[in-house]
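Given next are the chains, with one letter for each unit.
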Amino acid sequence: MSTLGFREAFEALVPDAAAPAWLGDLRREAFQHFEAAGFPTRRQEAWRYTNVSAIAETTFELGSDAGEDASVTRAVNGAAFGETAATLVFVDGRFAPDLSRTLPEVATSLSVSWAGGSTGRPGPLGELVDPKLHPFAALNTAFLCDAARIEVPQNVTLEKPIHLIFVATPGARRVHHPRILVGARASSRATVVADFVSASPEVSFCNAVTEIEVGPGANLDFVLCQRETSPTFHVSNLAARVDRDARLATHTLCLGGNLVRNDLQVRLVAEGAECRMNGLYLGTDRERIDNYTEVCHEAPHGTSAELYKGILAGSSHGVFRGRVIVAPDAQKTDARQQNPNLLLGAGAEVNSRPQLEIRADDVKCSHGSTVGRLDEEAIFYLRSRGVGTEHARTMLGQAFAAEIVDAVPDQGLRDALLALITARLWTTGEAS
Amino acid sequence: MTTPLLELRDVHANAGETPILKGVNLTLHAGEVHALMGPNGSGKSTLASVLCGRPSFSVTSGEILFEGKDLLALQPEIRAREGIFMAFQYPVEIPGVPNNHFLRTALNAIRRHQGQPEVDAFDFLALCREKMAQVEMPEDLMKRSINEGFSGGEKKRNEVLQMLLLEPKLAVLDETDSGLDIDALRCVAEGVNSLRSPERGMLVITHYQRLLDSIIPDVVHVLSDGRIVRSGDRSLALELEEKGYGWLEEAAGAAPA
Ligand SMILES: Nc1ncnc2c1ncn2[C@@H]1O[C@H](COP(=O)(O)OP(=O)(O)O)[C@@H](O)[C@H]1O
Ligand SMILES: [Mg+2]
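Definitions and cut-offs
Residues numbered from 1 in each chain as written. Chains lettered and ligands numbered in written order. Predicted model: local features only at pLDDT ≥ 70, side-chain atom pairs only at ≥ 80, totals over all residues. Heavy atoms only, no water. Helix = DSSP H or I, 4+ residues; strand = E, 2+ residues; numbered from the N terminus. Rg over C-alpha atoms; globule rule 2.2 N^0.38 Å. Buried < 20%, exposed > 50% of the residue type's maximum accessible area, 1.4 Å probe, protein only. Contact = heavy atoms within 4.5 Å. Areas by Shrake-Rupley, 256 points an atom, 1.4 Å probe, with all protein chains shown as cover. Core = buried A, V, L, I, M, F, W, Y, C linked by side-chain atoms within 4.5 Å. Near = heavy atom within 4 Å. Polar contact = N/O pair within 3.5 Å; in protein donor to acceptor, adjacent residues only side chain to side chain. 1 Å grid on protein atoms, 1.4 Å probe; cavity = no way out; pocket = protein on both sides within 12 Å on 5 of 7 lines; lining within 4 Å. Points joined across faces, edges and corners; volume = space filled by probe spheres on them. Nonpolar A, V, L, I, M, F, W, Y, C, P; charged D, E, K, R; others polar. Buried area = accessible area lost by both parts, 1.4 Å probe. Donors = N, O, S within 2.8 Å, 3.2 Å for Na, K, Ca; no water. Phe/Tyr/Trp six-rings, centres within 6.5 Å; stacked < 30°, edge-to-face > 60°.

### Let's talk about the overall build of chain B
Inference 1: What chain B contains, in helices and strands, is 9 helices and 12 strands.
Inference 2: For chain B, whose C-alpha radius of gyration is 18 Å, the value lies close to the compact-globule estimate of 18 Å for 257 residues.
Inference 3: Seen along its three principal axes, the alpha-carbon backbone of chain B occupies a region of about 60 × 40 × 40 Å.
Inference 4: Taken over 257 residues, chain B has a buried fraction of 51%.
Inference 5: A sequence separation of at least 24 residues applies to 70% of the contacts in chain B between residues at least 6 apart.
Inference 6: Here chain B has roughly 11,200 Å² of accessible surface; of this, 51% comes from carbon and sulfur atoms.

### Some points on the nonpolar core
Inference 1: If you look at the biggest cluster of nonpolar residues, it comprises 100 residues, and the most contacted ones within it are Leu382 of chain A together with Leu8, Ile94 and Phe102 of chain B.
Inference 2: It is helix H8 (residues 389-406) of chain A that contributes the most residues to this core, 8 residues altogether.
Inference 3: Among residues more than four places away in sequence, those in contact with Phe102 of chain B are Tyr381, Leu382, Arg385, Val387 and Met395 of chain A together with Val97, Ile146 and Gln162 of chain B.

### A closer look at the site of ligand 1
Residues and elements named next belong to chain B.
Inference 1: Inspection of the region around ligand 1 gives Ala15, Thr18, Ile20, Pro39, Asn40, Gly41, Ser42, Gly43, Lys44, Ser45, Thr46 and Phe57 as its neighbouring residues.
Inference 2: In this structure, Ala15 approaches ligand 1 through a main-chain N or O atom, which is 3.4 Å from a nitrogen atom.
Inference 3: In this structure, Thr46 approaches ligand 1 through a side-chain N or O atom, which is 2.6 Å from an oxygen atom.
Inference 4: Listed by contribution, the elements that provide at least two residues to the shell around ligand 1 are strand E2 (18-28) and helix H1 (44-52).
Inference 5: The greatest single-element share of the shell around ligand 1, amounting to 3 residues, is contributed by H1.

### Regarding the layout of surface pockets
Inference 1: Approximately 710 Å³ is the volume attributed to the largest pocket.
Inference 2: Forming the boundary of the largest pocket are 29 residues, of which Leu418 of chain A together with Gly96, Pro98, Asn100 and His101 of chain B lie nearest the centre.
Inference 3: Looking at the lining of the largest pocket, the elements that each hand over two or more residues are H8 and helix H9 (411-431) of chain A together with strand E7 (94-98), helix H3 (99-113) and helix H4 (121-134) of chain B.
Inference 4: If you tally residues by element for the lining of the largest pocket, the top one is H8 of chain A, at 8 residues.
Inference 5: In the lining of the largest pocket, the residues fall into 14 nonpolar, 8 polar and 7 charged.

### Remarks on the interface of chain A and chain B
Inference 1: With 17 residues of chain A in contact, the opposing surface of chain B contributes 31 residues.
Inference 2: Of the roughly 1,900 Å² buried where chain A meets chain B, counting both sides, 65% is carbon and sulfur surface.
Inference 3: On the chain A side of the interface with chain B, the three residues burying the most area are Phe380, Tyr381 and Arg385 of chain A, jointly 41% of the side's total.
Inference 4: At the surface where chain A touches chain B, the tally comes to 10 residue pairs in polar contact (both at pLDDT 80 or more).
Inference 5: Elements with a minimum of two residues in the side of chain A that touches chain B: helix H7 (376-383) and H8 of chain A.
Inference 6: When the residues that make up the side of chain A that touches chain B are grouped by side-chain class, the tally is 8 nonpolar, 6 polar and 3 charged.

### Description of the coordination of the magnesium ion (ligand 2)
All names here are of chain B.
Inference 1: Within the protein, the magnesium ion (ligand 2) binds to Ser45 (OG) and Gln89 (OE1); these donor distances fall in the range 2.1 to 2.4 Å. One end of the pair, Ser45, is in helix H1; the other, Gln89, is in the loop between strand E6 (84-87) and E7, and 44 residues separate them in sequence.
Inference 2: A relative accessible area of 26% means that Ser45 is categorised as partly exposed.

### Some details on the packing of aromatic side chains
All names here are of chain A.
Inference 1: The full count for this structure, using the stated rule, is 20 aromatic pairs over all chains.
Inference 2: Aromatic pair Trp47 and Phe136: ring centres 5.6 Å apart, planes at 45 degrees, arrangement tilted. With Trp47 in the loop between helix H2 (21-37) and helix H3 (53-56) and Phe136 in helix H6 (residues 135-142), this residue pair connects regions lying 89 residues apart in the sequence.
Inference 3: Measuring from centroid to centroid gives 5.1 Å for Phe166 and Phe196, while their planes differ by 20 degrees, and the two rings are stacked. Of the two residues, Phe166 sits in strand E6 (residues 162-167) while Phe196 sits in strand E9 (residues 189-196), which places them 30 residues apart along the sequence. Of the two residues, Phe166 and Phe196, both sit in the buried class.
Inference 4: Through successive ring pairs, a cluster of aromatic residues spans Phe6, Phe10, Phe31, Phe34, Phe39, Trp47, Phe60, Phe136, Phe143, Phe205 and Phe233.

Read these as geometric descriptors, not functional statements.
The structure is reproduced here in structure tokens:
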């Protein structure tokens, strides 16, 4: 499979005039990694269940944010869910100041810092996701021209979430490479929502990379909301490092996209670090959603609790692989993993594979995965009270998803998610 | 002559593949309360299931008319919206669906169907409070998932609460009294009695006569082996209480096949 289509685009990309010199080197190096590795194939264990040839065989085009676009504005407004500390919008991977509201020093973009004269290489950029291991992450870095940059200073609590919105301009076969950098410094507390939306009904490819550092004692909630409505290929690589007595909660919501692949890697690097990984994937039609998670317990007294729930309608296919690594000296680790799935469609399918690598002896580890169907008795009970079949199925689907939605930290966002899930379940109910 | 609220004409029905009802005839007019009694396994719940359209129960011959219309042509939810309510013998637990959300959805589905305005969350809460007090149900059960973790008695009260909220034209209660203590039994009886009206009909399925001390039936039917073998006034219930169901089997055994 060819990487050629991307070479031309790589050479044609003109970076920001104020961009620092290190950027060119970083990009070139990443592109070399990408070309050397090529697109992954199903022969590679990590890609066994997901065929990306459709991505490899398409020539995508990088949009160039040509000023105001009504459908982009509409998509961005449609993603709003209530009061935020800041809202940063990235169109085709570049910061869109007219659609955004920054929180200076805290929530801004790389391009804004460059324009302000600060040209140092920021915190976790390129430190957490290894481009040699992840060809898509290498591709993202090769096209790096801007990034969302969140820096929550020490001891600061942000009451309202920071909302990041990523969208591509309308056009045939658009690609964009969103990049997110988050540094939650010691004893800070914040919620960051990364929202991926569509502005057009055409095929597109979103290739995102997120790097997160959670400092000692900090508490960060990170919501990854994939809600593209167009036929989308969505690849996301998220890597996080959680320090002593800190807590990271990720909420991965896969609510749209024809082919979705999420890699999420969390390292608990110091004592008492905690991570909670929640996920919900809702597939319809022939969608494929592949979630790979990896949590590395590298120090004692770490806790990880993982709950990924899948609802698969139509002939959709869900994949969940959860790897838990406990290093030899990570004693007193408590690692839990659960993956319940609900199959709605006759042709729907799910693969669930836990993978535990435990090298310490004094640990508590558990995992479980289930595949079930809607309870027909429950559907009948609801119908016997006048609730229509579609509505009954939707109610039960919502009930299944509720645990994940309820854990999302913002009420406005919870309401928006619930509406989205309801709408999706409603249409799948009629289809299947 | 007025059209009966409910009319069963020679109804034969299967539970799964097994023939259970073997020719049931029953006519119930608005304003009447009928009791349906009979030994375990005689087909009482099968009859109830057929009335509310439970999947896997099928009518193989005969007809059922509700207000003169063919009931069997209607989906379960449409039957409910037309005004049929079933208090189940074994209500299911539905984790994750809050009682109040479910009941408001149901009430509004019925009201829409009957051309009445929907009830908003505020009015619904007030209505709910009133009915919950009537069945002596703690208010927090409304926020909980449907029947999840409810005791047997709480489940039955919840069925009666739903009946009071949805105000059906025909209520079918399938052994709502079974396993209830005196207090719960009184609540159920009061709930049913409060709904009695000239426009409504009720079919009270029970194994025991004791419920019929408080819900006085107009007609009592005895079901045995899929047929109504006797109908009469409330003295029939007292007779059954005295003699048990044993004589039925003898009667059935003596009857020509
Ligand atoms: N789903 C079913 N499939 C087959 N037989 C059933 C089913 N449900 C009930 N039955 C049988 O039908 C008969 C009547 O049951 P039921 O109507 O529940 O009686 P009752 O309510 O009077 O105790 C019983 O013999 C019972 O075992
Ligand atoms: Mg019964």
